[in-house]
Amino acid sequence: MHIELDPAEHEEPTWEVRRPDTGRKRRLDRRTRMILGIAAIAAVVVNAGAAWAYWQITGSEVASTDGAPVELALRARSDLNKSLKPGTTGDLIVTVTNDNGFPIKITSVTSGGTVTADPEHAKAGCTTTGVELSRARFDVTWEVSRNAIGAFNVPGGLSMRKGTNPACDGATFTVPVRVSGVREEGS
C-alpha cells in the first residue's frame, strides 16, 4: 500500500525567530515618566544633602591648628543634688556628645532657649520658671575625645529670679544651651 500526501500537509514546521529589539519600541506613558522624574529629582536632592553634610564635617577635620569652629546644640540641666530656690544660684550640668571622629575642645557655653521644669513641677504650675544662665556667656576649656560623651559642671551657672512661682521650688530644670568649640590641636 502506498499513501501519498500532499506536500502542504507534511512540511516540516518552521519557527520564526524575532529579536526583542526589532519591531516597534514601547514608549513610557505619562505617569511612568512623571514617577521616574520625581525619583530622579529626589535622588539629586538626597545626594546633594549628603554631600553638603560630608563637606561640613570634613571641612572641620582639615582645619588649621587653631581649628574651624564646631557648634553643638544640646540641652543641659540643673544640679540634681542642689535644687534651685527663688533668689538663689545653682550649678549647671552640661553633657556634650562628640559624634565626630576627632576630639574637640569646648570653649564657650551660651543660652539656647527657654528653660523648662520637670513634668511634676510643670503640672503643679511651674510654667514660667524664672531660671536662666547667670551670665550671657561662660568661657570654658572642656576636652571631649572623639566619639565620646563628656559631662561638665558650671558652678553657679544658673540663677532663679526672686518672686518666681513657688511651684518651681525644688524642680529639676532642662536648660537649652549652645556650646562652641574647635577641633583639638594635634589630632
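Residues numbered from 1 in each chain as written. Predicted model: local features only at pLDDT ≥ 70, side-chain atom pairs only at ≥ 80, totals over all residues. Heavy atoms only, no water.

Peer 1: Quick question: what am I supposed to make of the packing of aromatic side chains here?
Peer 2: Aromatic rings considered in pairs are described by the distance between their centres and by the relative angle of their planes. Applying the stated criterion across every chain, the model contains 1 aromatic pair. Aromatic side chains W142 and F152 sit 4.5 Å apart centroid to centroid with 5 degrees between the ring planes, which places their arrangement in the stacked category. Here the residue W142 occupies a position in strand β6 (residues 137–144), and F152 occupies one in strand β7 (residues 148–160), the gap between them amounting to 10 residues. By relative accessible area, W142 is classed as buried at 8%. (Phe/Tyr/Trp six-rings, centres within 6.5 Å; stacked < 30°, edge-to-face > 60°. Helix = DSSP H or I, 4+ residues; strand = E, 2+ residues; numbered from the N terminus. Buried < 20%, exposed > 50% of the residue type's maximum accessible area, 1.4 Å probe, protein only.)

Peer 1: Any chance you could explain the side chain of N98 here in plain terms?
Peer 2: Mapped onto the fold, N98 is located in strand β2 (residues 89–98). Among the residues examined, N98 registers a relative accessible area of 0% and is labelled buried. Of the polar contacts made by the side chain of N98, one reaches the backbone oxygen of F102; its length is 2.9 Å. For N98, the side chain forms a polar contact with the main-chain oxygen of S145, separated by 3.1 Å. Excluding its chain neighbours within four sequence positions, the residues that come into contact with N98 are P103, I104, V144, S145, R146, N147 and A148. (Polar contact = N/O pair within 3.5 Å; in protein donor to acceptor, adjacent residues only side chain to side chain. Contact = heavy atoms within 4.5 Å.)

Peer 1: What should I look at first to understand the environment of A76 in this one?
Peer 2: Here A76 shows up in strand β1 (residues 69–78). Using a relative accessible area of 5% as the deciding quantity, one classes A76 as buried. Distance from A76 to V177, taken between C-alpha atoms, is 6.5 Å for residues 101 residues apart in sequence. Ignoring any residue separated from it by four or fewer positions in sequence, one finds A76 in contact with L92, I93, V94, F173, T174, V175 and V177.

Peer 1: Where do I start with the nonpolar core in this structure?
Peer 2: Counting residues in each nonpolar core, the largest one holds 30 residues, and the members touching the most others are L92, V94, I106, W142, F173, V175 and V177. Excluding residues that lie within four positions of it along the chain, L92 makes contacts with A76, R77, L133, F152, N153, V154, G157, L158, V175 and V177. (Core = buried A, V, L, I, M, F, W, Y, C linked by side-chain atoms within 4.5 Å.)

Peer 1: For this particular structure, what's the right way to read the pairing of strand β3 (residues 104–111)?
Peer 2: Walk down a regular strand and you will see the side chains alternate between the two sheet faces. In this structure, β3 lies alongside β6, joined through 6 bridges in antiparallel fashion. Its bridge partner being in β6, I106 is matched across the sheet by W142. Strand direction decides the pairing type here: β3 and strand β8 (residues 173–183), joined by 7 bridges, are antiparallel. Residue pairing in the sheet places I104 in a bridge with R183 of β8. (Pairing = 2+ DSSP bridges.)

Peer 1: I keep staring at the state of the cysteines and nothing clicks. Help me out?
Peer 2: Two cysteines whose sulfur atoms are joined by a covalent bond form what is called a disulfide. Tallied over the full model, the rule gives 1 disulfide. One disulfide bridge connects C126 with C168, the sulfur atoms lying 1.9 Å from each other. One disulfide, between C126 and C168, carries an S-S torsion of 105 degrees and so falls in the right-handed class. With a gap of 42 residues between them, C126 in the loop between α2 (119–123) and β5 (131–133) and C168 in the loop between β7 and β8 connect regions that are remote in the sequence. When sorted by exposure, C126 lands in the same class as C168, which is buried. (Disulfide = S-S within 2.5 Å.)

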